[in-house]
Amino acid sequence: MGSISEPSNASFPIIDVSQISSPEHQPQIARQITEACSTWGFLLLKNHPIPTSSVNHVFDLGHQFFSLPSSKKDPYPITPRSIGYIGPLADAKKDDKASMWFGGPPGSLDQYGLDLPPFWHDHVEEIQDFKHKCHSLVLHLLVCFALAMELPDKDFFASKHLEDNSRGNALRLLHYPSRDTSPREGGTRMGTHTDSGSVTLLFQRSAGLEVKSPSGSWVQTPCLEDTILVNLGDALAFWSGRKLRATPHRVTFETLPSGKERQSMAYFCAANPETVLEPLGGEEESVAYEANGMVIERGITVGEYGKRIMESIYGSKMKEENTKKAIEV
Ligand SMILES: O=C(O)CCC(=O)C(=O)O
Ligand SMILES: [Fe+2]
């Protein structure tokens, strides 16, 4: 593996979104965000509207939860509704990280509380509130894309990302444990992948994520206090006619050695399942859009795309499962 550059704040896009709701400043912010998403497919938001206290609270809850003995977590494996836990070295790729998933529309954590490890029973409201704050910010970003792409309706993307969409929106708390000895030669913390949906918000407590830079080299993303890392998924990249990019990223033992712990949290937002993915701009693309070993075809729905990803990973029995789980666990 080649060496990984240190985070470079000089070239990595960092965008101030304090005025994202102001009609006067929105067009300029929209241009900056869209430019970053067309080149890097990643950016850091600073002065964003999600209170630091909310972010820290969910991080602290996550830390308490991940510190519990396995007996309090393992009996609640992730379910088809994308609610539940998966421990280190337990997913198909044996990645050395743990995840706690909170999938589904508002209310589903109340409705399917039995899927949750008991630790979370007293914290459902806080998690749902945090998901709601994340969703509101994603909607702002989606308006920015439509404005900068000069679509006739600035809500073109946002109106197709309902918060109560049954499949799309999930919060994932991640914990990369520290160990005295490396668990496996050649293993990964999180394998190279692109996200599948539309927009991901990533909160980090320390550095460790690597992304493919526009020049093709792997670089570490900067990790600055009170910022949110944003990246895009394949469905939106395809739908935008490839104006927006879904960029490969990963976490390796090289940048996050086994002796080092790391916590992050990702909010994944995907379009409503009935949304038809027809590339905007209308140009005929001779090169197929390939992502995570699958081709996305024109006219496919977000729901069908999700189903195919599931089937490609789990086989044809998994018809009604959620997309996120399939790609990211
Ligand atoms: O741990 C991280 O920071 C990356 C998480 C990620 O890429 C994902 O969950 O899809
Ligand atoms: Fe990811």
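Numbers given to residues run from 1 along each chain, matching the order in which its sequence is written. Chain letters start at A and ligand numbers start at 1, both assigned in the order the entries are written. Reporting in this predicted model follows two pLDDT cut-offs: at least 70 for local features of residues, and 80 or more for side-chain atom pairs to be given and counted; totals over whole chains, interfaces and linings ignore these cut-offs and use all residues. Hydrogens are left out, water is left out, and the side-chain values use all remaining heavy atoms of the structure.

Description of the site of ligand 1
Here is step 1 of the chain: By nearness alone, 13 residues border ligand 1, and R172, Y176, H249, R262 and S264 come closest of all.
Here is step 2 of the chain: Within the side chain of H193, an N or O atom sits 3.1 Å from an oxygen atom of ligand 1.
Here is step 3 of the chain: Polar contacts here mean pairs of N or O atoms no more than 3.5 Å apart (in protein, one a potential hydrogen donor and the other a potential acceptor; neighbouring residues in sequence count only if both atoms are side-chain atoms). Between ligand 1 and the protein, one listed contact pairs an oxygen atom with a side-chain N or O atom of S264 at 3.0 Å.
Here is step 4 of the chain: The accessible surface values rely on the Shrake-Rupley method and a 1.4 Å probe; as for residues, cover is taken only from the protein chains in view. Here ligand 1 loses 99% of its free accessible area of 300 Å² to cover by the protein chains.
Here is step 5 of the chain: Gly is placed with the polar residues, together with every amino acid not listed as nonpolar (Ala, Val, Leu, Ile, Met, Phe, Trp, Tyr, Cys and Pro) or charged (Asp, Glu, Lys and Arg). Here the residues of the shell around ligand 1 are counted per class, giving six nonpolar, three polar and four charged. Note on terminology: near, applied to a residue and a molecule or strand, indicates that one of the residue's heavy atoms is within 4 Å of it.

A few points about the confidence of the model for the chain
Here is step 1 of the chain: pLDDT expresses how confident the predictor is about each individual residue, on a scale running from 0 to 100. Overall, the predicted model of the chain reaches an average pLDDT of 88, with 89% of residues at or above 70.
Here is step 2 of the chain: Contacts from residues 314-329, a stretch scored under 50 in pLDDT, to residues over four places away or in other chains number 56 contacts.
Here is step 3 of the chain: Across the predicted assembly, pTM comes out at 0.92 and ipTM at 0.99. Residue contacts are counted whenever heavy atoms from the two residues lie within 4.5 Å of one another.

Observations concerning the coordination of the iron ion (ligand 2)
Here is step 1 of the chain: Within the protein, the atoms that donate to the iron ion (ligand 2) are H193 (NE2), D195 (OD) and H249 (NE2), at distances of 2.1 to 2.2 Å.
Here is step 2 of the chain: When the donors of the iron ion (ligand 2) are listed by position in the chain, the intervening gaps give H-x1-D-x53-H. With H193 in strand β6 (residues 190-193) and H249 in strand β11 (residues 249-251), this pair connects stretches of sequence that are 56 residues apart. With respect to class, H193 is no different from H249; both count as buried. Donor selection uses N, O and S atoms within 2.8 Å of the metal (3.2 Å for Na, K and Ca). Since no water is included, sites may look incomplete. For helices the rule is a DSSP run of H or I covering at least 4 residues; for strands it is a run of E covering at least 2, with both sets numbered from the N terminus onward. Under the scheme applied here, a residue whose accessible area is under 20% of the maximum for its type counts as buried, over 50% as exposed, and between as partly exposed, the area being computed with a 1.4 Å probe on protein chains only.

A look at helix α1 (residues 26-39)
Every α-helix winds through 3.6 residues per turn, so residues three or four apart in the chain are directed the same way.
Here is step 1 of the chain: With 14 residues, α1 extends 20 Å between its outermost C-alpha atoms, agreeing within 8% with the 20 Å of an ideal straight helix rising 1.5 Å per residue.
Here is step 2 of the chain: Along α1, the residues that are buried comprise Q26, I29, A30, I33, T34, A36 and C37. The arc that holds the buried residues of α1, viewed along the axis, is 155 degrees, so those residues lie on one side.
Here is step 3 of the chain: Buried residues belonging to α1 abut β1 (14-16), β2 (42-46), α4 (124-148) and β10 (228-232).
Here is step 4 of the chain: Positive phi shows up at G41, right after α1, with a value of about 75 degrees. Helix span, as expected, comes to 1.5 Å for every residue beyond the first. Note that the arc is computed from the directions linking the helix axis to the C-beta atoms.

Digging into the packing of aromatic side chains
Here is step 1 of the chain: For this analysis, a ring pair means two rings from Phe, Tyr or Trp (six-membered ring only for Trp) whose centres lie within 6.5 Å, classed as stacked if their planes differ by under 30 degrees, edge-to-face if by over 60, and tilted for the remaining angles. Scanning the entire structure with this criterion turns up 13 aromatic pairs.
Here is step 2 of the chain: An angle of 65 degrees between the planes, with centres 5.0 Å apart, marks the rings of F12 and W40 as edge-to-face. Here the residue F12 occupies a position in the segment before β1, and W40 occupies one in the loop between α1 and β2, the gap between them amounting to 28 residues.
Here is step 3 of the chain: The buried category is assigned to W40, whose relative accessible area is 10%.
Here is step 4 of the chain: Geometrically, the ring pair formed by F156 and W239 is tilted, given 5.8 Å between the ring centres and 50 degrees between the ring planes. Here F156 is found in the loop between α4 and β5 (170-176), whereas its partner W239 is found in helix α5 (residues 234-239), with 83 residues between them in sequence.
Here is step 5 of the chain: Residue W239 is classed as buried on the basis of its relative accessible area, which comes to 3%.
Here is step 6 of the chain: Through a chain of ring-to-ring contacts, three or more aromatic side chains come together here, namely F65, F66, Y85, F102, F119 and W120.

Notes on the nonpolar core
Note on soluble globular proteins: their nonpolar side chains tend to be buried together.
Here is step 1 of the chain: Note on terminology: a nonpolar core comprises buried Ala, Val, Leu, Ile, Met, Phe, Trp, Tyr and Cys residues joined through side-chain atoms within 4.5 Å. In terms of nonpolar packing, the biggest core is built from 71 residues, with I33, W120, F145, F157, V199, L201 and F203 touching the most fellow members.
Here is step 2 of the chain: Among the elements that line this core, the one with the most residues is α4, at 12 residues.
Here is step 3 of the chain: Residues contacting F145, with those up to four places away along its chain left out, are I33, T34, C37, F157, V199, L232, L236 and L244.
Here is step 4 of the chain: Ranked by size, the runner-up nonpolar core spans 20 residues in total, among them F42, Y176, V251 and A266.

Focus: the pairing of strand β4 (residues 98-102)
Here is step 1 of the chain: Of all five residues that make up β4, five are buried, and the element is covered over most of its length.
Here is step 2 of the chain: In short, DSSP must find at least two bridges between two strands for them to pair. The sheet contact formed by strand β3 (residues 83-86) and β4 spans four bridges and is antiparallel. Looking at the pairing, Y85 lines up with M100 of β4.
Here is step 3 of the chain: Pairing geometry for β4 and β5, over five bridges, is antiparallel. Across the sheet, residue A98 finds its bridge partner in β5, namely H175.

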